Amino acid sequence: MPEPVKKTVSAFTKKPKTTEVTAGSTAVFEAETEKSGIKVKWQRAGTEITESEKYVIKTEGNKHALTINNVGKEDDVTYAVIAGSSKVKFELKVKEPEKSETVTPAEAVPAPAVSESPAPPAESSQNTEVSSAETKPEEPLDPIGLFVARPQDGEVTVGGNITFTAKVAGESLLKKPSVKWFKGKWMDLGSKVGQHLQLHDNYDRNTKVYTFEMEIIEANMTFAGGYRCEVSTKDKFDSSNFNLTVNEAPVSGDLDIRAAFRRNTEGHDDGAEFNFSSLLKKSSFLRPSNRGEGKSESQSDVDVWDILRKAPPTEYEKIAFQYGITDLRGMLKRLKRIKKEEKKSTAFLKKLDPAYQVDKGQKIKLMVEVANPDADVKWLKNGQEIQVSGSRYIFEAVGNKRILTINHCSLADDAAYECVVGDEKSFTELFVKEPPILITHPLEDQMVMVGERVEFECEVSEEGATVKWEKDGIELTREETFKYRFKKDGKKQYLIINESTKEDSGHYTVKTNGGVSVAELIVQEKKLEVYQSIADLTVKARDQAVFKCEVSDENVKGIWLKNGKEVIPDERIKISHIGRIHKLTIEDVTPEDEADYSFIPQGFAYNLSAKLQFLEVKIDFVPREEPPKIHLDCLGQSPDTIVVVAGNKLRLDVPVSGDPTPTVIWQKVNKRNDLLRNNDDSMTPSENSSDLNTDNKLLFESEGRVRVEMHEDHCVFIIEGAEKEDEGVYRVILKNPVGEDKADITVKVIDVPDPPEAPTISNIGEDYCTVQWQPPKYDGGQPVLGYILERKKKKSYRWMRLNFDLLKELTYEAKRMIEGVVYEMRIYAVNSIGMSRPSPASQPFMPIAPPSEPTHFTVEDVSDSTVSLKWRPPERIGAGGLDGYMLEYCKDGSTEWIPALPGLTERTSALIKDLVTGDKLYFRIKAVNLAGESGAATIKEPVTVQEILQRPKFWLPRHLRQTLVKKVGETINIVIPFQGKPRPKITWLKDGQTLDSKDVGIRNSSSDTILFIRKAELHHSGAYEVTLQIENMSDKVAITIQIIDKPGPPQNIKLVDVWGFNAALEWTPPLDDGNAQILGYTVQKADKKTMEWYTVFDHYRRTNCIVSDLIMGNEYFFRVFSENLCGLSEAAATTKNSAYIQKTGTTYKPPCYKEHDFSEAPKFTHPLVNRSVIAGYNATLSCAVRGIPKPKIFWFKNKMDLSGDAKYRMFSKQGVLTLEIRKPTPFDGGIYTCKAVNECGEAEIECRLDVRAPQ
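Residues numbered from 1 in each chain as written. Predicted model: local features only at pLDDT ≥ 70, side-chain atom pairs only at ≥ 80, totals over all residues. Heavy atoms only, no water.

Regarding its fold elements, the protein chain presents seven helices and 98 strands. The buried share among the 1255 residues of the protein chain stands at 37%. Of the contacts formed within the protein chain by residues at least 6 apart in sequence, a portion of 61% connects residues at least 24 apart. Just so you have it, the protein chain exposes about 75600 Å², and 49% of that area is on carbon and sulfur atoms. (Helix = DSSP H or I, 4+ residues; strand = E, 2+ residues; numbered from the N terminus. Buried < 20%, exposed > 50% of the residue type's maximum accessible area, 1.4 Å probe, protein only. Contact = heavy atoms within 4.5 Å. Areas by Shrake-Rupley, 256 points an atom, 1.4 Å probe, with all protein chains shown as cover.)

Structure below.
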């Protein structure tokens, strides 16, 4: 069951009410708020009202008024007043002004004749409409349920119509609510719509109210009973019960049954329906129609019903003609509706219930009780006998009980079952209920780009289960465009959206009959980010040129352009796309390759451009004596900076000249200008020791990650896969005998930032939280442009991005989370190079909200130093649970709240001790959970710490106001509640004497006193008196206890006289009556031969009796028991002398019997029963007949003799007649007749056989 809607606290102390005014007049609505200064808005049909000549709005303190001048018919709509979060609706009903009419003087108006009988109703169909809106025109809106007007109890006459109406407010609903009508507990009337039941609904756009109607047409007596209307929306549910009473149609005493079946010649429908059985009940004796008036007067009354009941069907036409009943078909139709009186079962003591219900996979027992313990029973399922097969069906017979146990019930066991004992049957139906399908793995939130494929996946508890998919409360179906695709794979269920659009954003729900799972889909517009653009290149002939760019979407394709024309790849030009990186590689560069190159991503308005410059190497002839020269664009002491992205290759070509060929030395300079690395292809380390630091390492490698390649006219410095450690100032030095030259080159390696540290979560609310983080320790050499935040559920593996625009700040408020679900957060840092690796996940956290304030906070008791308080839990606790309650008090006149208890308490009551007598204290209480404290529930008036004097008074239970009777040995526990403050003094007395504490236990508390006796004895009987004393006030009550025991045996029993077959006994009452009145005596007799005692009289009141019907020749003894409330006495008084019944002589005269004639005409003792069988399975028709001599049997089908047909077999065994039809077909259906004939007469009986095709 969905959770009930919680009732909110209204801001209004006085609410405007629905008003009815006359057109043209003025309407005034007034409202009062709890506080003054609250802004109040007035609305008309959902639109805010602005002040004008027609609408006048006034506000004075906390009083607010709306005046509507010159009211017209168009003002008959729904209005509302809003203050804060509270909204109250009301209506203005406009009625037309009454027209003035000329009044005729009373003397001039003739008085109409008053009829003794009431006028007939205007409509013969007796239409009745039941609507709560009519009976309660000013019924307020239900603040908890969904109904504006609930269906009310109704009453209708047989054959009449009635309508039940329910109204639901639709202003706050996103879609039409779902309404179901039920009869009883389970019968859904939605499938019963037809001739007698119609369901209607409509929507009023002005009042925004849904109206649902259930119309019952031509009601009959079976329609009476309890009904229920259920209405449900996405998150609300409500139901309303109502009753329908159906009365019998009124019939006058002289109604003629023949008139009901005569055909109407005035144009009415021939098939008009009449309740034949009720007509027969109302008028049992009717006169037959005769042509002679004299004969009709003298003819005695005739019971037509008795004639119809006894007559065979062949005589119906004759009876109808005799009594003037012309509608024979209508008579026969209604005659079948008469219920036959059910004969009391002789075979069954207890039959099967009408229906059973069991869960799928469970077992169920079907049990009957039979009258004969030795009777054999047969169990049938859908008409077929159940055979023993393994452990699925278990048959048990325990005494009179016969039990059928069905193990591991499946849907195939949902069928009709019968238990057959002889000719009697007991029917029932078994309904197998499938277990609820649970969602074992819920849906997960997803965020995609426009055009991407979306796949929601969940797992249920049963394979192939049927589930229902909804989007924002609207059920999803397969459309013509096949936008949504549903897929099942074992226990997994999929919802697939091939190409998502912005309109697909929303909440998607999967529902089963045992659970619901909701996930959110966010579809964002595609935004392409360029992490690395292509850069200008300057290359020499036959070198390699590589243009590379990196974008945010690895699925984006693009084209490369050269001077505006698409580049066609070949053996020398290669185009590659790996992940997010697009490359254009040109091998063996030629002058023709010098151009502007561009990369255009498909589907985006981007154009990434760069220029390829061809470096032409010119060889100049120089004198043989030439100082070394480094040919760079920028030389001098200020270093030239080269930026390289981490992981990329750095190739630095340095043209050199000099004659003779100079020696090239590469050095890396640290911050202290120390030389870190060097390379000299022609010099040894010892030759350079004067110029280099002794800590420097010489580099002679021509291969490896960092290397130097030497050529005649240039040298190449290469770093493969640049790293952060490669960053610094590199110095190249040229030397030859003529001179020296050097240049400094600064290499800067830039990279994506380091991952930030794990974010911290704070300010956690019901569906939001605040995420904080610190910048990364290393920004990658480029400023951080922003941050990307991701979120996931703790048990999930899918992270969902929360922002598409980079976050500039170091805090972010995450929203739209589900309360009670554990989440984790992580952060990415982004610079111009790209996005860092994700940070470690944050500590798991759960969005929770504080509970609402406790309810029903009241004072339970007050004394001189204590105050007892009690309360109820909050209406809303939330996913954070409830840690406890914090109780505080504040003295009157002070503002300081003092904790009343150390820490939190989990109980819903508390006793505050050690308070100062006479203090006036205010108390308040708060509920506390992980999210914090709730609002405070306070006691408005101060509580004075002072004992309240309460007059002592006993509250004597009703059963103690009479004599309390107990048996010896029973336990006595008497509890008497009382009131009185301060605690009263309690005194118990028995017959004026103080009670013995060893014999009787007394326990007293502040609210009751208890008298306890473990084992009652006779001396405990008597009058007990308990007194309650407070100072000079007292109260007392008296209790009478009577302990009883079994009586003693009667005294002085003697045999007074014996005569014939009789014996006279006398005795006196017992000496011990057991402290209770003697209720009677039990007299028994025993034959001297067997001495087996048999009861002659029980509960006998007198002290003398005569025992009769004794057997001649036997000798008897007698004994008598006495009896009271405890029972019979332990011992009995037995006669000392025996009574002998003497024998007397008799003469036997045999009786004279007349020979009896046993002849009897045939008579069917068990009728044929209408049957419906399945084609292809043998069927039997059985009945029983009695007759002497034995009758001859004939079988007919549709009046045709079946004796010579081999398809039918006839059996007759001890009066039981059976007709077997071998493998019937639908053509074998019809009327079957069994006829029995002997010399005394004949009899026949018939039934209908329906043969239906197998499904």
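Still more ground to cover, so stick around.
Taken as a whole and judged by the stated rule, the model has 24 aromatic pairs. Relative to Phe90, the ring of Phe29 has its centre 4.6 Å away and its plane inclined at 40 degrees; by these criteria the two rings are tilted. You can see Phe29 sitting in strand β3 (residues 27-33) and its partner Phe90 sitting in strand β9 (residues 86-95), a full 61 residues away along the chain. The exposure classification of Phe29 matches that of Phe90, with both residues buried. Note on Phe954 and Phe978: the rings are 6.2 Å apart at their centroids and 75 degrees apart in plane angle, and the pair reads as edge-to-face. Linking Phe954 in strand β72 (residues 950-954) with Phe978 in strand β74 (residues 972-981), this pair joins segments that are 24 residues apart in sequence. (Phe/Tyr/Trp six-rings, centres within 6.5 Å; stacked < 30°, edge-to-face > 60°.)

Once that is clear, we can look at empty space enclosed by the protein. Counting across every chain of the model gives three cavities of 30 Å³ or more. Its boundaries defined by the atoms lining it, the largest cavity holds a volume of some 90 Å³. Along its surface, the largest cavity is lined by Glu444, Asp445, Arg791, Lys792, Lys793, Ser796, Arg798, Met800 and Tyr823. Per-element tally for the lining of the largest cavity: the top contributor is strand β59 (residues 786-793), with three residues. A per-class count over the lining of the largest cavity returns two nonpolar, one polar and six charged. (1 Å grid on protein atoms, 1.4 Å probe; cavity = no way out; pocket = protein on both sides within 12 Å on 5 of 7 lines; lining within 4 Å. Points joined across faces, edges and corners; volume = space filled by probe spheres on them. Nonpolar A, V, L, I, M, F, W, Y, C, P; charged D, E, K, R; others polar.)

In this section: the pairing of strand β95 (residues 1208-1213). The pairing of β95 with strand β96 (residues 1216-1221) spans six bridges and is classified as antiparallel. Within β96, the residue paired with Met1210 across the bridge is Leu1219. Where β95 hands over to β96, the hairpin turn is made up of two residues, of which Gln1214 adopts a positive phi near 55 degrees. (Pairing = 2+ DSSP bridges.)

A negative phi angle characterises most non-glycine residues, just as the trans form characterises most peptide bonds. Residue Pro982 is bonded to the preceding Lys981 through a cis peptide linkage, with omega at -5 degrees. In this fold, Pro982 is placed in the loop between β74 and β75 (985-990). For the bond running from Ile1188 to Pro1189, omega is -5 degrees, close enough to zero to count as cis. Mapped onto the secondary structure, Pro1189 falls in the loop between β92 (1179-1188) and β93 (1192-1197). The backbone of Arg542 shows a phi angle near 65 degrees, a positive value even though the residue is not glycine. Judged by relative accessible area, Arg542 falls into the exposed class, the value being 64%. With phi around 55 degrees, Asn1052 is a residue other than glycine that occupies positive phi space.

With that settled, consider the pattern of salt bridges. With the rule as written, the count across this model stands at 42 salt bridges. Lys926 is paired through a salt bridge with Glu933; the nearest N and O atoms lie 3.4 Å apart. Using a relative accessible area of 15% as the deciding quantity, one classes Lys926 as buried. Given the relative accessible area of 41%, Glu933 is considered partly exposed. Salt-bridge contacts for Asp991 lead to Lys990; the nearest nitrogen and oxygen are separated by 3.4 Å. Taking relative accessible area as the criterion, Asp991 reaches 48% and is therefore assigned partly exposed. Residue classification places Lys990 among the buried residues on the basis of a relative accessible area of 17%. Ionic contacts of the salt-bridge type, sharing partners, join the residues Lys468, Glu470, Glu475 and Lys511 into one network. (Salt bridge = Lys/Arg side-chain N within 4 Å of Asp/Glu carboxyl O.)

If you look at the biggest cluster of nonpolar residues, it comprises 24 residues, and the most contacted ones within it are Phe164, Val168, Trp181, Met214, Ile216, Tyr227 and Leu244. Listed by contribution, the elements that provide at least two residues to this core are β13 (161-169), β17 (209-216), β18 (225-232) and β19 (237-247). (Core = buried A, V, L, I, M, F, W, Y, C linked by side-chain atoms within 4.5 Å.)

Of note, Arg402 is situated in strand β26 (residues 401-406). No salt bridge is formed by the buried Arg402. Its closest oppositely charged neighbour is Asp374, at 6.0 Å. Within the local environment of Arg402, its side chain forms a polar contact with the backbone oxygen of Ala375, the two atoms lying 3.0 Å apart. Ignoring any residue separated from it by four or fewer positions in sequence, one finds Arg402 in contact with Leu366, Met367, Val368, Val370, Asn372, Pro373, Asp374, Ala375, Val377, Trp379, Glu396 and Ala397. (Lys, Arg positive; Asp, Glu negative; His and termini not counted. Polar contact = N/O pair within 3.5 Å; in protein donor to acceptor, adjacent residues only side chain to side chain.)

Read from one edge to the other, the open sheet built from three strands follows the order β81-β82-β85, with strand pairing classed as antiparallel. One side of each edge strand has no neighbouring strand; the edge strands of this open sheet are β81 (1051-1059) and β85 (1104-1107). The sheet shows a mean angle of 20 degrees between the axes of neighbouring strands, taken without regard to direction. Bridge count for β81 against strand β82 (residues 1062-1068) is six bridges, and the pairing is antiparallel. Looking at the pairing, Val1058 lines up with Ala1063 of β82. (Axes fitted to C-alpha atoms, helices over the stretch in contact; angles between N-to-C directions.)

Extensive coverage of strand β86 (residues 1115-1124) is indicated by the burial of eight of its 10 residues. Pairing analysis gives eight bridges linking strand β83 (residues 1080-1087) to β86, with the strands arranged antiparallel. Within the sheet, the bridge partner assigned to Asp1087 lies in β86 and is Tyr1116. As paired elements, β86 and strand β89 (residues 1139-1140) share two bridges and run antiparallel to each other. Of the residues in β89, the one forming a bridge with Glu1115 is Tyr1140.

With that settled, consider the environment of Arg1014. Take Arg1014: it is sitting in the loop between β78 (1008-1013) and β79 (1022-1030). Spatially, the C-alpha atoms of Arg1014 and Val1000 are 8.1 Å apart, while their sequence positions differ by 14 residues. Excluding residues that lie within four positions of it along the chain, Arg1014 makes contacts with Gly969, Glu970 and Thr971.

A few words on the environment of Cys409. Tracing the backbone shows Cys409 in the loop between β26 and β27 (416-421). Exposure remark for Cys409: the relative accessible area of 2% places this residue in the buried category. Sequence-wise, Cys409 and Phe431 are 22 residues apart; in three dimensions their C-alpha atoms are separated by 9.9 Å. Discounting residues that sit within four places of it in the chain, Cys409 has contacts with Val358, Asp359, Lys360, Gly361, Gln362, Lys363, Ile364 and Val432.

In short, geometric facts, not functional conclusions.
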